[in-house]
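# Architecture and fold: a report
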Amino acid sequence: MTQSKITVGILALQGAFLEHKLHLQKAVRQASPGSPLDTTKFEIVEVRTSEQLASVDALVIPGGESTAISLIAERSGLLQPLRQFARVDRKPVWGTCAGLILLSDEASKAKKGGQELIGGLHVRCQRNHFGRQTESFECDLSLPFVGDGEPPFRAVFIRAPIVERVLTGADSGDVAGDVVRAPKLDADADDYKITPIEIIASLPTTQGKEAGDIVAVRQGNIFGTSFHPELTPDVRLHRWWLQECVLGGGESRI
Ligand SMILES: NC(=O)CC[C@H](N)C(=O)O
């Protein structure tokens, strides 16, 4: 990206949008002298309308309740503009928890008829994978790309989804049972589903039978995490996203 001022939006319809805003502001404020964040001017704004969406260069979709966010987005006339933003214009987007669900091309354990997806990440995620609210947990994740020799990242999972599988090939027919799928767009770029999907983080062996579950992925301009990095004081992941995904565009350097 070449312009001098970059506007980062947080979809502020429901959920933990304020926490993301504060984290992004803190990540920019704490940037060390000489780092790219320090020399670039970021504006962090809340997004509730399609006009506001049109004015931002990158977007965070927070955790919360994916059914509520999709319903409000639909009523606000934001669903198609969000699809355009992520899938056609391919601007940098980061979805956390409910945001990851909304950005997935398919979601299982979904509310059929009550859950519209934005799509863009060619994966099937499973909602509420770990069970109910009382099954929420925290664990240490190794995210070496946030900095050399850095301590693990404390990840907070609240009724979190996981990436159940990476999808391959074209969509074929209806999906069965409790699976919903993002609609196809006329303007879907031909190569959009073959942009490689990177598995960024999986649960460690300390998580027993859940070890290996995929909890962070990236496909080009879209980054998704099952956990809530905005609910710990740690801003490393926000700083990394701004540097690598927003300033760095769609190119992965992990
Ligand atoms: N913390 C969260 O964002 C929870 C997501 C929620 N379980 C959903 O399906 O939307």
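Preceding this section is the structure that the text describes.
Residues numbered from 1 in each chain as written. Predicted model: local features only at pLDDT ≥ 70, side-chain atom pairs only at ≥ 80, totals over all residues. Heavy atoms only, no water.

Around the ligand, the neighbouring residues are Gly63, Gly64, Glu65, Ser66, Cys97, Ala98, Ile101, Arg127, Asn128, Ile158, Arg159 and His228. At a separation of 2.9 Å, a nitrogen atom of the ligand approaches a polar backbone atom of arginine 159. Looking at the shell around the ligand residue by residue, the classes come out as four nonpolar, five polar and three charged. (Near = heavy atom within 4 Å. Polar contact = N/O pair within 3.5 Å; in protein donor to acceptor, adjacent residues only side chain to side chain. Nonpolar A, V, L, I, M, F, W, Y, C, P; charged D, E, K, R; others polar.)

Right, let's get into the nonpolar core. Core analysis: the largest hydrophobic core is formed by 41 residues, its most contacted members being Val8, Leu141, Phe157, Phe227, Leu237, Trp241 and Leu242. Looking at which element gives the most residues to this core, the answer is helix α7 (residues 236-247), with six residues. In this structure, leucine 242 is in contact with Val8, Leu24, Ala27, Val28, Leu37, Phe42 and Leu247, ignoring residues within four places of it in sequence. (Core = buried A, V, L, I, M, F, W, Y, C linked by side-chain atoms within 4.5 Å. Buried < 20%, exposed > 50% of the residue type's maximum accessible area, 1.4 Å probe, protein only. Helix = DSSP H or I, 4+ residues; strand = E, 2+ residues; numbered from the N terminus. Contact = heavy atoms within 4.5 Å.)

On the secondary structure map, tryptophan 241 appears in helix α7. In this structure tryptophan 241 comes out as buried when scored by relative accessible area, which is 0%. Taking C-alpha positions, tryptophan 241 is 9.4 Å from valine 93, a pair spaced 148 residues apart along the chain.

Okay, the packing of helix α1 (residues 17-29) against α7 next. Look at α1 against α7: their axes get within 9 Å of each other, and the N-to-C directions meet at 70°. Comparing their axes, α7 and α1 come out roughly perpendicular. Packed against α1, whose contacting residues are His20, His23, Leu24, Ala27 and Val28, the element α7 presents His238, Arg239, Trp241 and Leu242 at the interface. Taken together, the residues of the contact of α1 with α7 break down into five nonpolar, three polar and one charged. (Axes fitted to C-alpha atoms, helices over the stretch in contact; angles between N-to-C directions. Parallel < 35°, antiparallel > 145°, perpendicular 65-115°, else oblique.)

Turning our eyes to something else, we now look at the state of the cysteines. Scanning all chains against the criterion turns up zero disulfides. As a non-bridged cysteine, cysteine 125 has cysteine 97 as the owner of its nearest cysteine sulfur, 9.6 Å distant. (Disulfide = S-S within 2.5 Å.)

On to the packing of aromatic side chains, then. Tallied over the full model, the rule gives nine aromatic pairs. On the basis of an interplanar angle of 35° and a centroid distance of 5.5 Å, the ring pair of tryptophan 94 and phenylalanine 223 is categorised as tilted. Note that tryptophan 94 is positioned in strand β4 (residues 93-96) and phenylalanine 223 in strand β13 (residues 222-225), a separation of 129 residues in sequence. The exposure class assigned to phenylalanine 223 is buried, which follows from its relative accessible area of 1%. A connected cluster of aromatic rings, assembled from ring pairs, spans Trp94, Phe145, Phe223, Trp240 and Trp241. (Phe/Tyr/Trp six-rings, centres within 6.5 Å; stacked < 30°, edge-to-face > 60°.)

Interpretation in functional terms is not warranted from these geometric data alone.
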